[in-house]
Amino acid sequence: MTSTSTPGLARFNTSDDSTALAALHEVCASSVWGSKLLARRPYTTADELFTASDAAMAELTAADLEEAMAGHAPIGRPKPGDPTSAREQRGMAGATEELKAEMLELNLAYQDRFGHVFLICATGATGEQMRDAMKARIGNTAEAEREIVRAELGKINRIRLTRLVEAEPEEDKD
């Protein structure tokens, strides 16, 4: 991402609070994270927005992280009708039935252990890479896993914020 402003960033900066907050909620379901980013508007560059996002992510409590994770579908089961979830989990699209079944079993075991969905920045990852990451992380302590989740959410938020600030105005799309 360049350090210059974009039409999408300008639109975000000038949107009314409820519209901007709704856009931020699409990026991350944590209301605290969204409120912190909203309060720091306007942003002169996308990099400034990313820095604010990282700072807000670092300040989230365990409860705030739980709220953020609740907005994510389990790996291998994107939310129906949610193009973001489907796009981010594209690596599972061509997975074998065996891998899908293994991921379901691992997802359930992970949720039983930690009380939330397995969260990974899945963009660009294969189904096998996501499975291997889940296998490696399921043995973590709750505290270690929470910090990994925080880092993964930060990566996801940057990807989604990039899409937000690079988005063309709706009336220009065809």
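Since the model is a prediction, treat every value here as computed from it, not as a measurement.

J.: Is there a simple way to explain the overall build of the protein in this structure?
T.: Counting its secondary structure elements, the protein contains nine helices and zero strands. Mapped in sequence order, the helices and strands of the protein form the string α-α-α-α-α-α-α-α-α. Taken over C-alpha atoms, the radius of gyration comes to 17 Å for the protein, in line with the 16 Å a tight globule of 174 residues would show. Expressed as lengths along the three principal axes of its C-alpha atoms, the size of the protein is roughly 45 × 40 × 25 Å. Burial analysis of the protein (174 residues in total) assigns 43% to the buried set. When contacts within the protein are restricted to residue pairs at least 6 apart in sequence, long-range pairs at least 24 apart make up 70% of them. If you sum the accessible surface of the protein, you get close to 9000 Å²; carbon and sulfur atoms cover 55% of it. For the protein, the distance from the average position of its 20 positive side-chain charges to the average position of its 29 negative side-chain charges is 2 Å.

J.: Sorry if this is basic, but what is going on with the pattern of salt bridges here?
T.: When charged atoms on two side chains of opposite charge get close, those side chains can pair. With the rule as written, the count across this model stands at 11 salt bridges. Of the charged contacts, one joins E102 and R131 as a salt bridge, the two residues approaching to 3.5 Å between their closest N and O atoms. Pair noted here: E102 is in helix 7 (residues 97-114) and R131 is in helix 8 (residues 127-137), with a separation of 29 residues, a long-range link. A residue is classified by how much of its surface remains accessible, and E102, at 24% relative accessible area, is partly exposed. Across the pair K135 and E102 runs a salt bridge whose closest N-O atoms are separated by 3.1 Å. With K135 in helix 8 and E102 in helix 7, the pair connects residues that are 33 residues apart, well separated along the chain. One network of salt bridges, in which partners are shared, links E102, R131, D132 and K135.

J.: In this structure, what is going on with the nonpolar core? I would like to understand it.
T.: Soluble globular proteins tend to pack their nonpolar side chains together in the buried interior. Counting residues in each nonpolar core, the largest one holds 43 residues, and the members touching the most others are W33 and L161. Contact partners of L161, with chain neighbours within four places excluded, come to L24, V27, W33, L37, L49, F50 and S53.

J.: Whenever I open this one, the packing of helix 4 (residues 46-59) against helix 9 (residues 142-166) confuses me. Can you help?
T.: When two helices pack together, their arrangement is given by the angle between their axes and by how far apart the axes lie. For the pair helix 4 and helix 9, the least separation of the axes is 10 Å and the interaxial angle reads 150 degrees. Our classification of the angle between helix 4 and helix 9 gives roughly antiparallel. Taken as a pair, helix 4 and helix 9 cross one another with a handedness that is right-handed. On helix 9, the residues touching A46, L49, F50, T51, S53, D54, M57, A58 and E59 of helix 4 are R150, L153, G154, N157, R158, L161, T162 and V165. Of the residues in the contact of helix 4 with helix 9, the class split is eight nonpolar, five polar and four charged.

J.: Just checking my understanding: could you explain helix 3 (residues 31-39) for this structure?
T.: All of the buried residues in helix 3 are W33, G34, L37 and L38. Down the axis of helix 3, the buried set is contained in an arc of 130 degrees. They therefore lie on one face. Where helix 3 is buried, its residues meet helix 2 (17-27), helix 4 and helix 9.

J.: I keep staring at the packing of helix 2 against helix 3 and nothing clicks. Help me out?
T.: Packing of helix 2 against helix 3 brings their axes to within 9 Å, and their N-to-C directions diverge by 135 degrees. In terms of their interaxial angle, helix 2 and helix 3 are classed as oblique. When the axes of helix 2 and helix 3 are compared, the crossing they make is right-handed. Contacts from D17, A20, L21, L24 and V27 of helix 2 reach helix 3 at W33, G34, S35, L37 and L38. Residue composition of the contact of helix 2 with helix 3, by class: seven nonpolar, two polar and one charged.

J.: Would you mind going over unusual backbone geometry with me for this structure?
T.: A negative phi holds for most residues other than glycine; trans holds for most peptide bonds. Cis peptide bonds are those with omega within 30 degrees of zero, and the linkage from R41 to P42 qualifies with 0 degrees. The residue P42 is located in the loop between helix 3 and helix 4 in this model.

Definitions and cut-offs
- Residues numbered from 1 in each chain as written.
- Predicted model: local features only at pLDDT ≥ 70, side-chain atom pairs only at ≥ 80, totals over all residues.
- Heavy atoms only, no water.
- Helix = DSSP H or I, 4+ residues; strand = E, 2+ residues; numbered from the N terminus.
- Rg over C-alpha atoms; globule rule 2.2 N^0.38 Å.
- Buried < 20%, exposed > 50% of the residue type's maximum accessible area, 1.4 Å probe, protein only.
- Contact = heavy atoms within 4.5 Å.
- Areas by Shrake-Rupley, 256 points an atom, 1.4 Å probe, with all protein chains shown as cover.
- Lys, Arg positive; Asp, Glu negative; His and termini not counted.
- Charge placed at Lys NZ, Arg CZ, Asp CG, Glu CD.
- Salt bridge = Lys/Arg side-chain N within 4 Å of Asp/Glu carboxyl O.
- Core = buried A, V, L, I, M, F, W, Y, C linked by side-chain atoms within 4.5 Å.
- Axes fitted to C-alpha atoms, helices over the stretch in contact; angles between N-to-C directions.
- Parallel < 35°, antiparallel > 145°, perpendicular 65-115°, else oblique.
- Left-handed = near helix turned anticlockwise from the far one by under 90°.
- Nonpolar A, V, L, I, M, F, W, Y, C, P; charged D, E, K, R; others polar.
- Arc of directions from axis to C-beta.

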